[in-house]
Amino acid sequence: MLAGVSGTGNAVSDVTLTGVPRTHANGLNAAVVTITNSTGATASYAVKVDFVDPAGQVVDSSIVGAEQLAAGATTQPLVYTEKDSGQTLTARLAQAQRY
């Protein structure tokens, strides 16, 4: 769903990220993705999260989504990466598309 999206997508304002302490994520770098449907109709979402190292380089990416999210509703999927588990990575919102 994100392959044809140019730029950051049409739903970046509907998505926030909250880091999860590695001690609560089995030592993995993880984040909670909060998706809130700000429209007046049911919509689906695809969200790409990049995990970046301290130098700002993307180490890994994860994609999560929500299907048929009711107007005004919120969901909170978890994203994580198993790459570079010995290093603290930062989750960064790369793309969010409502469809």
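You'll find the structure just up there.
All values reported here derive from a predicted model rather than from experimental measurement.

What counts, and where the lines are drawn
- Residues numbered from 1 in each chain as written.
- Predicted model: local features only at pLDDT ≥ 70, side-chain atom pairs only at ≥ 80, totals over all residues.
- Heavy atoms only, no water.
- Core = buried A, V, L, I, M, F, W, Y, C linked by side-chain atoms within 4.5 Å.
- Buried < 20%, exposed > 50% of the residue type's maximum accessible area, 1.4 Å probe, protein only.
- Helix = DSSP H or I, 4+ residues; strand = E, 2+ residues; numbered from the N terminus.
- Contact = heavy atoms within 4.5 Å.
- Salt bridge = Lys/Arg side-chain N within 4 Å of Asp/Glu carboxyl O.

Engineer: Could you give me a rundown of the nonpolar core, with the residues and numbers involved?
Structural biologist: Core analysis: the biggest nonpolar cluster contains 16 residues, and Val15, Val33, Ile35, Tyr45, Val47, Val49 and Val79 have the highest contact counts within it. When residues of this core are traced back to their parent elements, those giving at least two are strand 2 (29-36), strand 3 (43-52) and strand 4 (58-69). If near-sequence neighbours (up to four positions away) are discounted, Val79 is found in contact with Asn29, Ala30, Ala31, Val33, Val49, Phe51, Ser62 and Val64.

Engineer: With reference to specific residues and values, describe the pattern of salt bridges.
Structural biologist: When charged atoms on two side chains of opposite charge get close, those side chains can pair. As enumerated under the stated definition, the model contains three salt bridges in all. The partner of Asp14 in a salt bridge is Arg98, and the shortest N-O contact between them spans 2.9 Å. Of the two residues, Asp14 sits in the segment before strand 1 (15-20) while Arg98 sits in strand 7 (residues 90-98), which places them 84 residues apart along the sequence. We classify Asp14 as buried; its relative accessible area is 5%. A salt bridge links Asp50 to Arg92; the shortest N-O distance between them is 4.0 Å. Placement of the pair is Asp50 in strand 3 and Arg92 in strand 7, with a sequence separation of 42 residues.

Functional significance is not addressed by these values, which are geometric in nature.
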